[in-house]
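Listed below are the residues making up each chain.
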Amino acid sequence: MSSIFKPWPEPSELAKLTELATPLAGRVLVKGVKVGRPVGQGQLLAISQKPRQGSLRSPRAGVIKALNGREIILTPGPNRVGPARARDLSGLEGEELAEALLDLGLSLPEEPEPGSPLLVTALDPDPSLTLAQALWSEWPAIMSQGLAVAARLYPKRPRLLVWPSSRPAPNIVVETWPTQIHNRPFPWTWGPFLKKSLGLGYDRAARGVLDSRAIYLMGLMERRGRAPHHWPLAIQSQNYLVPAGLSPKNIFKTISLEPQPGDLVALGGLWLGRPLANLDAGLDAEVTAVHLIRARRLGPEPGPCRGCQACRAVCPLDLPIDRLGREPLSSWPSLSNATKASLALCPDCGQCALACPAHRPLRFFSSWIK
Ligand code: SF4
Ligand code: SF4
């Protein structure tokens, strides 16, 4: 099994679940989340004002069955397929606009903290993604419209467009979006660390950060007043426009790839991806990428910790990840509260796991202890 990705959940276990109750634990629901609304896997549902706590995303696609102040109850269901009803977005602002975009299938970022700008990034968050520059260069009019929608979402916020220094400045209408040129390697291209490297503070939930794909989808929705039929998706690091709701199995079939037993499918990029158990469920608009990782490339089994501290040395937050690495997996849940509290800041960038010569499965430890 990979040293980077968790094993797939057993599909039989997933099938047993008829509904999921997700505790809110002091978080505040995102604008427009209400009973009866369909949500996609990974869609943002609730936010926290505490940077340590982070946001709450839907673990599966489904429909919100109940909200009782303490938890969100979700009835799992198929991801949304096909267009939503038409909706005229022109003239809508703030909460009304947020609600309309949610209705059309877009998950919105958490509002930036007071004094922090609304950030649009033209940097791909993960080196295995290649979407950002393609979207800006191929659909400048749509991107320009998407920027205008983002400005109407948070009208009173200062704005900033982050652009890679290796590319010519954007040839679109961005007067209201001051641009900062920025080139840093992963993980500094990723929302939480991008904010840190711009001097905006570290924020695990990356509040107020919109990526290029979200801007493209906003522009498209503004133009047509309905959910897009096709979404931009990186498949094996190539860019495609994929019909809404297509399943990973069919996606791989169209490019003549067939997942074999033991292979792993990751959604959302290779480094920031999450493993996928069900290849038949349709993808929703939140998914940026699909990668098939052959079993033979998953790497060796983890060995015992060598105490080299390479994991800690590469951590952008200098977290005591070495303390976790040297413990056997079975004792992770019983680590001291102090260690858990410091590791709770981790946004799962995966640098420690990549650096570990013993292939310790550090990548997803945060989900073990939170
Ligand atoms: S994943 Fe590892 S390197 Fe990245 S922030 Fe967490 S502990 Fe640090
Ligand atoms: S990098 Fe791996 S082997 Fe080295 S201290 Fe960290 S967990 Fe142990």
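What comes next is a walk through the structure. Keep in mind it's a predicted model, so treat the numbers as computed, not measured.

Definitions and limits used
Residues numbered from 1 in each chain as written. Chains lettered and ligands numbered in written order. Predicted model: local features only at pLDDT ≥ 70, side-chain atom pairs only at ≥ 80, totals over all residues. Near = placed C-beta within 6 Å. Helix = DSSP H or I, 4+ residues; strand = E, 2+ residues; numbered from the N terminus. Nonpolar A, V, L, I, M, F, W, Y, C, P; charged D, E, K, R; others polar. Buried ≥ 20, exposed ≤ 12 C-beta atoms within 10 Å, placed from the backbone. Pairing = 2+ DSSP bridges.

A look at the site of ligand 2
Then step 1. Taken together, 15 residues sit near ligand 2, with Cys-305, Cys-308, Cys-311, Gly-325 and Cys-356 positioned nearest.
Then step 2. Of all the secondary structure elements, the ones that give two or more residues to the shell around ligand 2 are helix H8 (310–314) and helix H9 (321–325).
Then step 3. Split into classes, the residues belonging to the shell around ligand 2 amount to eight nonpolar, three polar and four charged.

Some points on the environment of Ser-90
Then step 1. As for its placement among the helices and strands, Ser-90 is situated in the loop between strand S7 (71–76) and helix H2 (94–103).
Then step 2. Judged by the 9 C-beta atoms lying within 10 Å of it, Ser-90 is exposed.
Then step 3. Along the sequence, Ser-90 and Gly-225 sit 135 residues apart, while their C-alpha atoms lie 8.7 Å from each other.

Quick look at the pairing of strand S16 (residues 289–293)
Then step 1. When you tally the buried positions in S16, you get five out of five residues, the bulk of the element.
Then step 2. For strand S12 (residues 230–235) and S16, the ladder comprises two bridges, and the chain directions are parallel. Note that in S16 the partner of Ala-234 across the bridge is Ala-289.

A look at the site of ligand 1
Then step 1. Taken together, 14 residues sit near ligand 1, with Cys-315, Cys-346, Cys-349, Gln-351 and Cys-352 positioned nearest.
Then step 2. Here the shell around ligand 1 is built from residues that sort into 11 nonpolar, two polar and one charged.

Quick look at the sheet that holds strand S4 (residues 44–47)
Then step 1. Taken in spatial order, the three strands of this open sheet run S2-S4-S5, and their pairing is antiparallel. Each edge of the open sheet carries a strand with a single partner, namely strand S2 (28–29) and strand S5 (56–57).
Then step 2. Direction of pairing for S4 relative to S5: antiparallel, over a ladder of two bridges. Of the residues in S5, the one forming a bridge with Leu-44 is Arg-57.

On their own, these measurements won't tell you what the molecule is for.
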